[in-house]
Amino acid sequence: VGYGPPAYLLGRTESDIPGAVSTVDVNVLNRSTIQITWSPIPQEEANGNITHYIVSVSLYEGRELYNRKISVSSHLQVIVNGFVGETPYVADVKALNDIE
């Protein structure tokens, strides 16, 4: 009794929700302008091909002031203008992959 040649199949699992952006820095440039920078998600946490990052800035009470979709091919930073001095804000960065 002998074995025939094997049949091969190339497959790939689907993308999943990407992990969290772990390093986000905010640099105050002046009383109305900030610079937000972040590090790319490590490939092992991307769960697919990272295509964009979403940068959001809100007042501490929750009202969203800024929301922008940033391409991965651009720099991993954004400058945001129009802040009022001495007002607390919350900034966050989320990754998007090809399942968006």
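Let me sum up the structure you'll find in this document.

Rules used throughout
Each chain has its residues counted from 1, following the order in which its sequence is written. At least 70 in pLDDT is required for a residue's local features to be given in this predicted model, at least 80 for side-chain atom pairs to be given and counted, and no such filter applies to totals for whole chains, interfaces and linings, which use all residues. Computation of side-chain values covers all heavy atoms of the structure but excludes hydrogens and water. Any two strands are treated as partners once DSSP identifies two or more bridges connecting them. Secondary structure follows DSSP: runs of H or I at least 4 residues long count as helices, runs of E at least 2 residues long count as strands, and numbering of each begins at the N terminus. To obtain each axis, a line is fitted to C-alpha atoms, and for helices this fit is confined to the stretch in contact; angles are then taken between N-to-C directions over 0 to 180 degrees.

1. As for the sheet that holds strand E2 (residues 33-38)
Here is step 1 of the chain: Here three strands make up an open sheet; going across it, the order is E1-E2-E5 and the pairing antiparallel. Single-partner strands in this sheet number two, and they are strand E1 (24-30) and strand E5 (77-81). Neighbouring strand axes in the sheet, compared pairwise and without regard to direction, differ in orientation by 20° on average.
Here is step 2 of the chain: Direction of pairing for E1 relative to E2: antiparallel, over a ladder of six bridges. Bridged to Asn 30 within E2 is Thr 33.

2. Observations concerning unusual backbone geometry
Here is step 1 of the chain: With phi around 55°, Asn 47 is a residue other than glycine that occupies positive phi space.
Here is step 2 of the chain: Mapping Asn 47 onto the fold places it in the loop between helix H1 (43-46) and strand E3 (50-59).
Here is step 3 of the chain: The residue Glu 86 is not glycine, and still its phi comes out positive at about 60°.
Here is step 4 of the chain: By secondary structure assignment, the location of Glu 86 is in the loop between E5 and strand E6 (89-97).

By themselves, these are just geometric observations and shouldn't be taken as functional.
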